[in-house]
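Take a look at the letters that make up each chain.
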Amino acid sequence: MKELLITSLLGIGVLAFDILRIRKMVLGLILAALAVLVGFIVYDWNNLNLPFEQNMLIYDNFAYIALGVFAVIAFFWFILSSAYFKNHEGKTDLYALVVFSFCGAGLMAAYGNLVMLFLGVEILSIPVYVLAASKKHNVLSNESGFKYFILGSVASAVLLFGIALVYGATASFDLATISNTIMNGAHETTMLNLGVTLILTGFLFKISAAPFHIWTPDVYQGAPTWVTAYMSTLVKAAAVVALFKLFAGPFHYFVRDNGMTFGILAGATLILSNTAALLQTDVKRMLAYSSISHAGFLLAALIGNASILTVLFYLLSYSVASLIAFGVVKETQIAGEHPLTGLYRRNPVLAIAFSVALFSMAGIPPFAGFIAKYYVILQMVEAKYFTLVVIMILTSAMGAFYYLRSALGVFKHIDNAGRIVLPATVKYTYILLTLLLVGLTVAAGFLDRI
Amino acid sequence: MLTLALLTIPAVFALLIWILPQQSKRLALAGSFINLILAVVGLVALSYWKIDLLQFDSGVIGGLGMHFALEINSTSALLILLGSVILPFAIHLSSKNEERNNANFHALLMLMASAMLGAFLANDALLFYICYEVALIPIYFIILQWSKNEHRTQIVLKFFVYTLFGSLFMLMALLYVRQYAASFLINDMISAGASLSAYEQSMVFAGFFIAFAVKIPVFPFHTWQPKTYQAAPTAGTVMLAAVMLKMATYGLLRITMPLTPAASKEWAMWLCVISIVYANIVALNQRHFKLLIAYSSIAHVGMIALGILTAGTTAYNGALIEMVSHGWLALGMFYVCDMLITRYGHDDMHKMGGIRQNNATFSFLFFAIVMASVALPTTSGFVGEFLLLNSVGSRNIFMAILAGLTVIFGAVYMLRAFQTMMLGTSENAVHFSPMTSTEKFVLGIVVAGTLTLGVYPNLLLDVVQKGIELYASHI
């Protein structure tokens, strides 16, 4: 409850700061509020009896830890993007949009009712439509926002239709009630199955899994890079968490009954995205396809009955790497056509951080990405999906190729390149995030203690 | 605790080097010598005090489902010694050649050594896999930062992706066996392996062998190797050739062979034979000395892999001796190569000649290394090759005859290289400045080492004997 209040008040606070013309302090306010949020989560940990308004929102450990991961991602996002937004005319507006969207993510972590889920998805998405188009005079950015808006709305509509059908079949929006009804044998009905399928379709769009992934590269490429970084980390993490809450919970029967279909979806996502990523020359598009391929891994985790901790670990490690990668792309974008070439000479910190981030995404030990993938693969092996495991491992090898191809560019020599100077906070945040990718591996050893 | 110290000391010193970059050379040498002493202590403890195993086990790490388990046994002891011996030389080479960012180079070498020692020490298959992969990352940065080759990014891409791709097959095999095993501990995995059908064992073996074949390298997975050796700075090449590829042969010996006793290995053995013959033929045509060593290295390690695949006490003895000997001689060879490159600026043998006229000492030391490399009796090369060929011959005489060509062909191209570079007259010879005392010292040690092992191989064989019997009992 406190968690919901603090995030929504923060959004209003940011707008108030704008009205009061004390814009310089906005970033400090946001970071402080996020830190307080994490503090509340730690304080409320294991304090499970906090249902809110007839189980509309349920703050249990699941919600806390998911929210904690979101807060950490958001915290680093705000620090890294600060240099870019510093001189932006509409800085506070954009910040307010991000904070509101973060509120939506908070709802998606804690919903106990399908209505709250839908509200969460919309609150999360609508600000991002605006953010994607926030470079007003750039055609690509407009295209990106427009595409995302149209397709996102269709997906939301499909999701809503699915929710309506599930309501029709079970006479409830409440997850616990739905769960009970299904256990008593309601899943025989076509209406329920159709509803669940439509909800799944909506989610597949949101997490950009095949066959609903086509929008991702265009939107990721066109949107301002910091917005892309936000989309590929927080938006994706929230969608995946909401998906798991539903399909590892009340709709678990659907995954169990349709294991083959899910396997094909995950396999197709992995193969299509990795093949396409091999062909990309633009690093942002490559990262977009890589984001799709990680969605494939997460879908596989769903079939393998992976625990939510596994999924959150995956999301956190991917998000940290993704923040670094998109961040470095942004820092170098001013330079022109091949911005990453020769980066090592221009700023070694960024070059090493970028390499490590891509190593982690490729799943090379000792970085967190390896442990994340390893967990998922281990669960798949235990669930006896060996064919899918082979696909996952082979596509990882393809991934290693295109990640390294990009990462190697930073070590090429180019003449007369100016140095890139970063503010000290941003520089140390990159170093911290890079170390975090190693630190998470060590932390993984203690994951079962939670 | 000894095992844990061996693993962590290089890593800790790497961190120290980054904290105190001014003192990097001293710190690196200090760290590597401490490690060397520990490795020798481990070896002595193992062979004379009869402490069967020097172990460390953290218990199961719940989140990962693996043990952080380390062990010095008689198989790994020699390779740990090898790694610890080579490290100071690599550090010496890097400080000798590279002025730029020397501290980073030292730190990366230390990290690489830590990962490789980790692979030799690991008593848990997953830990072995992780260390096996981690060792790639320092060499990635070493080649990219210090290579003078203009195609280095392509070379690194090929090297890295190839090795990574190969090791993913090992991961698949490991996970497959893990389904039937109590844990990732190597002994548990081995006992689980026995319950697999022959077909399953063959598949698991194939997974492992592809991973190791890329790293060793065995034809047709070898294409990354010559160029990578050529592009890497000499310190990196020494680490790659002398120690890193031994992780693969060690893995084959320690994990794969006991794990898959019933697998059909004939195809893999033929690949090794092809690899030996092919590498020798290609080596005949090289005019660059570094490439020549690279190809001759493929032939030698192909021999080691072939020997291990034939299974048996003799073969394992021979393989271990040959691994140590090959690592040691690779150091000597690449050191000589480095001396030539620093003096001439290239390693094209046709543009050299007559070095013996004014550098008789160098010529003599080099000759001794060449002789050891072509396996002349009384050198370490002979002991290993003899035992390996003996074992291969008792299994399949035709393979032994083909593989035996390695010795003859090796003699041809090695002696010809010696002849072109050292004998005759050439106006280039005058440019070869006299050896420094350090260079004399390093080459002297290499020659002394190989002769000692050649004359009295039991120095190492005794240590190995007991452990080998242990592993052979699984076959």
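Residues numbered from 1 in each chain as written. Chains lettered and ligands numbered in written order. Predicted model: local features only at pLDDT ≥ 70, side-chain atom pairs only at ≥ 80, totals over all residues.

Moving on to the overall build of chain A. Tallying secondary structure elements over chain A gives 19 helices and 2 strands in all. Against the 2.2 N^0.38 benchmark of 22 Å for 450 residues, chain A shows a C-alpha radius of gyration of 21 Å, consistent with a compact globule. Counting only C-alpha atoms, chain A reaches 70 × 55 × 45 Å along its principal axes. A buried classification covers 56% of the 450 residues belonging to chain A. Across chain A, every contact between residues at least 6 apart in sequence was considered, and the portion connecting residues at least 24 apart equals 77%. (Helix = DSSP H or I, 4+ residues; strand = E, 2+ residues; numbered from the N terminus. Rg over C-alpha atoms; globule rule 2.2 N^0.38 Å. Buried ≥ 20, exposed ≤ 12 C-beta atoms within 10 Å, placed from the backbone. Contact = placed C-beta atoms within 7 Å.)

Attention now moves to the overall build of chain B. Looking only at helices and strands, one finds 20 helices and 2 strands in chain B. In terms of overall dimensions, chain B is globule-like: its C-alpha atoms have a radius of gyration of 21 Å, near the 23 Å expected for 475 residues. Oriented by its inertia axes, the alpha-carbon framework of chain B measures out at about 70 × 55 × 45 Å. In chain B, buried positions account for 60% of the 475 residues.

It is worth spelling out the confidence of the model for chain B at this point. Low pLDDT means the predicted coordinates in that region are not meant to be read closely. Residue and element names in this part refer to chain B. Here chain B averages 83 in pLDDT, while 94% of its residues score no lower than 70. Across chain B, the secondary-structure element scoring lowest on mean pLDDT is helix H20 (residues 458–472), at 68, and the one scoring highest is helix H5 (residues 125–134), at 90. The complex prediction reports pTM at 0.89, with the ipTM value standing at 0.85. (pLDDT = per-residue confidence, 0-100.)

So, about unusual backbone geometry. Backbone torsion omega between Pro365 of chain A and Pro366 of chain A reads 5°, so that peptide bond is classified as cis. Tracing the chain through its elements places Pro366 of chain A in the loop between helix H16 (348–362) and helix H17 (368–382). Its identity is not glycine, yet Lys384 of chain A carries a phi of approximately 65°, on the positive side. Position of Lys384 of chain A among the secondary structure elements: in the loop between H17 and helix H18 (386–409). Of note, Thr378 of chain B is a non-glycine position whose phi angle comes to about 75°, a positive value. Tracing the sequence through the fold places Thr378 of chain B in the loop between helix H16 (360–373) and helix H17 (380–395).

All names here are of chain A. Domain parsing of chain A yields domain 1 (1–210 + 249–257) and domain 2 (269–450). Computed over C-alpha atoms, the centres of domain 1 and domain 2 are 24 Å apart. With 16 residues of domain 1 at the contact, the number on the domain 2 side is 23 residues. The element contributing the most residues to the side of domain 1 that touches domain 2 is helix H3 (residues 61–85), with 11 residues. Of the residues contributing to the side of domain 1 that touches domain 2, the split by class is 15 nonpolar, 1 polar and no charged. (Domains from an automatic or database assignment. Nonpolar A, V, L, I, M, F, W, Y, C, P; charged D, E, K, R; others polar.)

With that out of the way, let us pick up the environment of Val14 of chain A. Residues and elements named next belong to chain A. For Val14, the location among the structural elements is in helix H1 (residues 2–19). Spatially, the C-alpha atom of Val14 lies 9.3 Å from that of Met25, the residues being 11 residues apart in sequence. The residues contacting Val14, other than those within four sequence positions of it, are Val26, Leu29, Ile30, Thr92, Tyr95, Ala96 and Val99.

This next bit is on the interface of chain B and chain A. On the chain A side, the residues contacting the 23 residues of chain B number 24 residues. When residues of the side of chain B that touches chain A are traced back to their parent elements, those giving at least two are H5, helix H6 (136–146) and helix H7 (152–178) of chain B. Top contributing element to the side of chain B that touches chain A by residue count: H7 of chain B, with 12 residues. In terms of residue class, the side of chain B that touches chain A is made up of 16 nonpolar, 5 polar and 2 charged.

Let's shift gears to the environment of Ala268 of chain B. Residue and element names in this part refer to chain B. Relative to the assigned elements, Ala268 resides in helix H12 (residues 266–284). Taking the C-beta count within 10 Å as the criterion, Ala268 has 24 such neighbours and is therefore assigned buried. Remark: the alpha-carbon pair of Ala268 and Ala206, spanning 62 residues in sequence, is separated by 8.4 Å.

With that out of the way, let us pick up helix H13 (residues 283–303) of chain A. All names here are of chain A. Taking 1.5 Å of rise per residue, 21 residues should cover 30 Å, and H13 covers 31 Å from first to last C-alpha, within 8% of that figure. For H13, the buried fraction is high: 19 of the 21 residues fall into the buried class. At the exit of H13 stands Asn305, carrying a positive phi of roughly 55°. (Expected span 1.5 Å × (residues − 1).)

Looking now at the nonpolar core. Grouped together as the largest cluster of nonpolar side chains are 377 residues, with contacts concentrated most on Phe70 and Phe354 of chain A together with Val238 and Met239 of chain B. Looking at this core, the element that brings in the most residues is helix H14 (residues 313–344) of chain B, giving 18 residues. Looking at which domains feed residues into this core, each of domain 1 (1–210 + 249–257) and domain 2 (269–450) of chain A supplies at least three. Excluding residues within four positions of it along the chain, Phe354 of chain A makes contact with Ile324, Ala325, Val328, Leu343, Ala407 and Val410 of chain A. (Core = buried A, V, L, I, M, F, W, Y, C linked by C-beta atoms within 7 Å.)

All names here are of chain B. With 6 of 7 residues buried, strand E2 (residues 66–72) lies mostly within the body of the structure. Note that strand E1 (residues 54–61) and E2 share 6 bridges and pair antiparallel. Among the inter-strand pairings, Asp57 is bridged to a residue of E2, identified as Ala69. (Pairing = 2+ DSSP bridges.)

On to the packing of helix H2 (residues 24–47) of chain B against helix H4 (residues 102–121) of chain B, then. Residue and element names in this part refer to chain B. It is at 9 Å that the axes of H2 and H4 come closest, and there the two elements cross at 15°. By the angle between their axes, H2 is roughly parallel relative to H4. The hand of the H2/H4 crossing is left-handed. Between H2 and H4, the contacting residues are Ser24, Lys25, Ala28 and Gly31 on the first element and Asn102, Ala103, His106, Leu109 and Met110 on the second. A breakdown of the residues in the contact of H2 with H4 according to their chemical character gives 4 nonpolar, 4 polar and 1 charged. (Axes fitted to C-alpha atoms, helices over the stretch in contact; angles between N-to-C directions. Parallel < 35°, antiparallel > 145°, perpendicular 65-115°, else oblique. Left-handed = near helix turned anticlockwise from the far one by under 90°.)

Turning to the packing of helix H14 (residues 308–332) of chain A against H17 of chain A, a few remarks are in order. Two quantities define a packed helix pair, namely the angle between the axes and the distance from one axis to the other. Residue and element names in this part refer to chain A. In the contact formed by H14 and H17, the axes pass within 9 Å of each other and the chain directions differ by 150°. Between H14 and H17, the crossing angle belongs to the class labelled roughly antiparallel. Relative to H17, H14 is oriented so that their crossing is left-handed. Listed contacts from H17 to Thr310, Phe313, Tyr314, Ser317, Tyr318 and Ala321 of H14 are Ala368, Gly369, Ala372, Tyr375, Val376 and Gln379.

Residue and element names in this part refer to chain B. Here helix H18 (residues 397–422) is 26 residues long and its end C-alpha atoms lie 37 Å apart, about the 38 Å a rise of 1.5 Å per residue gives. For H18, the full list of buried residues reads Met399, Ala403, Thr406, Phe409, Gly410, Tyr413, Met414, Ala417, Phe418, Met421 and Met422. In this structure, the buried residues of H18 make contact with H12, helix H13 (289–310), helix H15 (355–358), H16 and H17. Count one or two residues on from H18 and you reach Gly424, which has phi positive near 75°.

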